[in-house]
Amino acid sequence: MPALNFIRPFTTRVINPVTRRFAGHLPGFAILVYPGRRSGRVYRTPMNVFRHDEDYVFALTYGSDVQWVRNVMAAGGCEIEVRGKTVRLTGPRLFVDPKQRLMPLPVRFFLRLTRVTEFLSMRRAPSD
């Protein structure tokens, strides 16, 4: 289990509302836009995202058993707002990589310290 799980409630209630204002415009950040599995409500969650070849890769700092991951998997994708543009992503794939090979070098250091080994990758939808 990732070491950051204890901070999740604080992040959800305090950090996310603040970062939601700028995350869609800064490099390395995006706003995930996805529907709830049961409610159909549209959620907007600020996230770090990294490109690796054709993939958009998300480090699952709270693990894969969180609501946004379940929602994206159930929907078969999501949209992200990145650098002021909306990109539709599809084909979510969960994977484990203890060496964090797809992450930039400085990010790997942080992920190792916090024991993050789970990731989610998606590709741009063909119509985009």
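Structure shown above.
First, a word on scope: everything that follows refers to the structure included in this document.

The rules behind each value
Residues numbered from 1 in each chain as written. Predicted model: local features only at pLDDT ≥ 70, side-chain atom pairs only at ≥ 80, totals over all residues. Heavy atoms only, no water. Phe/Tyr/Trp six-rings, centres within 6.5 Å; stacked < 30°, edge-to-face > 60°. Helix = DSSP H or I, 4+ residues; strand = E, 2+ residues; numbered from the N terminus. Buried < 20%, exposed > 50% of the residue type's maximum accessible area, 1.4 Å probe, protein only. Core = buried A, V, L, I, M, F, W, Y, C linked by side-chain atoms within 4.5 Å. Contact = heavy atoms within 4.5 Å. Pairing = 2+ DSSP bridges. Axes fitted to C-alpha atoms, helices over the stretch in contact; angles between N-to-C directions. Arc of directions from axis to C-beta.

1. Side note on the packing of aromatic side chains
Aromatic rings considered in pairs are described by the distance between their centres and by the relative angle of their planes.
Okay, so step 1: Counting across every chain of the model gives three aromatic pairs.
Okay, so step 2: A centroid spacing of 6.1 Å and a plane angle of 65° characterise the contact between F58 and W68, whose relative ring orientation is edge-to-face. Taken together, the residues span a long stretch of sequence, with F58 in strand β4 (residues 55-59) and W68 in helix α2 (residues 67-75) at a distance of ten residues. Here F58 and W68 have matching classes, each one buried.
Okay, so step 3: Their ring planes at 20° and their centres at 5.6 Å tell us that F95 and F119 sit as a pair that is stacked.

2. Section: unusual backbone geometry
Okay, so step 1: With a phi angle near 55°, D53 is a residue other than glycine that sits in the positive phi range.
Okay, so step 2: Inspection of the secondary structure assignment puts D53 in the loop between β3 (50-52) and β4.
Okay, so step 3: Even without a glycine there, the phi angle at R115 is positive, about 60°.
Okay, so step 4: Here R115 lies in the loop between α3 (105-113) and β7 (118-124).

3. Quick word on the nonpolar core
Okay, so step 1: If you look at the biggest cluster of nonpolar residues, it comprises 20 residues, and the most contacted ones within it are L32, F58, W68, C78, I80 and L89.
Okay, so step 2: Listing elements by their share of this core, those giving two or more residues are β1 (29-35), β4, α2, β5 (77-82), β6 (85-96) and β7.
Okay, so step 3: In contact with W68, other than residues within four places in its own chain, are L32, Y34, M47, F58, L60 and L120.
Okay, so step 4: Within the second largest apolar cluster, nine residues are counted, among which are F95, M103, V107 and L111.

4. A look at the sheet that holds β3
Picture the strands of a sheet paired through backbone hydrogen bonds; they go either parallel or antiparallel.
Okay, so step 1: With respect to topology, seven strands assemble into an open sheet ordered β2-β1-β5-β6-β7-β4-β3, the strand pairing being antiparallel. With one partner strand each, in any of the chains shown, β2 (42-48) and β3 form the two edges of the open sheet. Each strand axis lies, on average, 40° off the axis of its neighbour in the sheet, ignoring direction.
Okay, so step 2: Pairing analysis gives three bridges linking β1 to β5, with the strands arranged antiparallel. Each bridged residue has a counterpart across the sheet, and for V33 the counterpart in β5 is E79.
Okay, so step 3: Sitting on the sheet, α2 is in contact with β1, β2, β4, β5, β6 and β7, with an inclination near 65° to β1.

5. Considerations on α2
Residues lying three or four places apart along an α-helix face the same way, a consequence of the helix completing one turn every 3.6 residues.
Okay, so step 1: Those residues of α2 lying buried are W68, V69, N71 and V72. For α2, the angular spread of the buried residues around the axis is 165°, confining them to a single face.
Okay, so step 2: Looking at the buried positions of α2, the neighbouring elements they touch are β1, β2, β4, β5, β6 and β7.
Okay, so step 3: Of the residues flanking the end of α2, it is G76, one or two places downstream, whose phi is positive at about 75°.

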